[in-house]
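In case you want the letters, here they are:
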Amino acid sequence: MNAAFPASTGAPLRLLLAAPRGFCAGVDRAIEIVELALQRYGAPVYVRHEIVHNRYVVDGLKAKGAVFVEELDEVPDGAPVVFSAHGVPKSVPAAATTRSLDWLDATCPLVSKVHRQAERQIEAGRHIVFIGHKGHPEVIGTLGQVPVGTITLIETADDVAALDFAPDAALAFLTQTTLSVDDTAEVVAALRARFPQIVGPKAEDICYATSNRQAAVKTIAPECQLVLVIGAPNSSNSLRLVEVAQRCGAEGRLIQRADEIDAAWLNGVAAIGLTAGASAPEELIQEVIDRLSTLRAVTVEQVVTAEEKMVFKLPRQLID
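Residues numbered from 1 in each chain as written. Predicted model: local features only at pLDDT ≥ 70, side-chain atom pairs only at ≥ 80, totals over all residues. Heavy atoms only, no water.

Asks: I'd like a description of the overall build of the chain, backed by residues and values.
Replies: When you go through the chain residue by residue, the secondary structure sums to 11 helices and 12 strands. The C-alpha radius of gyration of the chain comes to 21 Å, within 12% of the 20 Å expected for a compact globule of 320 residues. Along the three orthogonal principal directions, the C-alpha set of the chain runs to about 65 × 55 × 30 Å. Looking at the chain as a whole, 52% of its 320 residues are labelled buried. Sequence-distant contacts in the chain: of pairs separated by 6 or more residues, those separated by 24 or more amount to 76%. Surface exposure of the chain reaches about 14200 Å², of which carbon and sulfur atoms provide 53%. (Helix = DSSP H or I, 4+ residues; strand = E, 2+ residues; numbered from the N terminus. Rg over C-alpha atoms; globule rule 2.2 N^0.38 Å. Buried < 20%, exposed > 50% of the residue type's maximum accessible area, 1.4 Å probe, protein only. Contact = heavy atoms within 4.5 Å. Areas by Shrake-Rupley, 256 points an atom, 1.4 Å probe, with all protein chains shown as cover.)

Asks: Quick one: what's the story with the sheet that holds strand β11 (residues 271–276), residue by residue and with numbers?
Replies: Ordered in space as β10-β9-β11-β1-β12, the five strands form an open sheet in which the pairing is parallel. Each edge of the sheet is formed by a strand with only one pairing partner; in this case those strands are β10 (251–255) and β12 (298–304). Across the sheet, the mean angle separating the axes of adjacent strands is 25 degrees when strand polarity is ignored. (Pairing = 2+ DSSP bridges. Axes fitted to C-alpha atoms, helices over the stretch in contact; angles between N-to-C directions.)

Asks: Could you give an account of the pattern of salt bridges, naming the residues involved and the relevant values?
Replies: Under the criterion given, the structure shown has 16 salt bridges. Arginine 48 is the partner of glutamate 71 in a salt bridge, and the nearest nitrogen-oxygen pair spans 3.3 Å. With glutamate 71 in the loop between β3 (66–69) and β4 (80–83) and arginine 48 in strand β2 (residues 45–48), the pair connects residues that are 23 residues apart, well separated along the chain. Here glutamate 119 makes a salt bridge to lysine 90, at a shortest N to O gap of 2.7 Å. Here glutamate 119 is found in helix α4 (residues 109–123), whereas its partner lysine 90 is found in the loop between β4 and α3 (91–98), with 29 residues between them in sequence. When salt bridges that share partners are traced, they join Arg14, Glu223 and Glu301 into one network. (Salt bridge = Lys/Arg side-chain N within 4 Å of Asp/Glu carboxyl O.)

Asks: So what's going on with the packing of helix α8 (residues 208–220) against helix α9 (residues 236–247)? Which residues, and what values?
Replies: Remark: α8 packs on α9, axes separated minimally by 9 Å, with the N-to-C direction vectors making an angle of 25 degrees. Overall, the two elements α8 and α9 adopt an arrangement that is roughly parallel. As α8 packs across α9, the resulting crossing turns out to be right-handed. Taking contact as the criterion, the partners of Thr210, Arg213, Gln214, Val217 and Lys218 in α8 are, on α9, Asn237, Arg240, Leu241, Val244 and Ala245. Looking at side-chain class alone, the contact of α8 with α9 contains four nonpolar, three polar and three charged residues. (Parallel < 35°, antiparallel > 145°, perpendicular 65-115°, else oblique. Left-handed = near helix turned anticlockwise from the far one by under 90°. Nonpolar A, V, L, I, M, F, W, Y, C, P; charged D, E, K, R; others polar.)

See below:
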């Protein structure tokens with residue numbers, strides 16, 4: 001038992017553990033790219049932006065020799081550099097190539113798929129309405145795939161009313177991969193109602209991991225008074241999980257580590273839900289269970305709502 005925490009008190013706590021949870025295939029791939037780059041090139045390997053939105057993961061990679069920078073001009077000439085899982089504007093790899101940097105792209109393939117869709121819609125002569133959160137790295141990367149003025153960002157159904165396209169304008173919509181499934185459906189419905197001719201993707205852009213994790217929370221949250229979501233404050237998919245829990249009637253709280261848990265949160269709580277955003281490793285789940293076990297006797301029930309077997313290929317430079 002961790003001496004920093006008080007001994008268990010109170011009635012047994014029922015803990016519903018969501019599955020799937022935590023790392024997705026895109027995050028697994030991105031972390032592996034940095035680790036393999038360190039093996040191949042030796043330290044330091046530079047990484048533009050956080051490889052994934054999780055401080056624990058980033059600090060672990062720093063300890064192995066990864067150096068995280070915000071912009072490409074912070075990378076020394078001749079050094080290897082990895083682009084984050086969220087994707088980057090086309091200008092970034094172009095600048096890296098101009099400088100003869102040895103670069104690796106860790107963009108999630110499902111984000112890259114949206115990038116290719118954006119290119120195809122522009123080639124077809126359509127203006128893109130992109131549903132996403134302003135300032136998020138994935139959004140910045142996607143906007144940077146097409147010429148300025150050919151894509152418009154909206155966030156909510158209310159934004160649809162402000163669009164000033166002609167009724168018969170050639171339009172397409174795409175979405176960020178980590179949005180709320182329910183909120184996005186509302187925005188898409190508003191777009192289709194106002195612009196019936198708008199073209200959408202053949203398959204949903206919201207990634208399988210985001211959808212699965214939200215569905216798992218929808219299953220456990222109605223039975224819980226409190227749902228803890230392990231994730232970073234800048235993690236879009238983690239924040240959406242908190243919102244899903246709250247919409248199901250539970251109190252949702254975002255935490256990064258177990259030591260953020262306040263014992264008072266458990267007052268009057270008979271059942272607690274636990275999940276993790278797609279960038280949070282399983283170690284942090286166990287850390288939270290251990291912390292809760294010091295506060296109350298805990299019975300853990302894993303609730304499985306989907307099986308995930310997705311695996312993405314690594315860049316050719318690392319497997320040749």
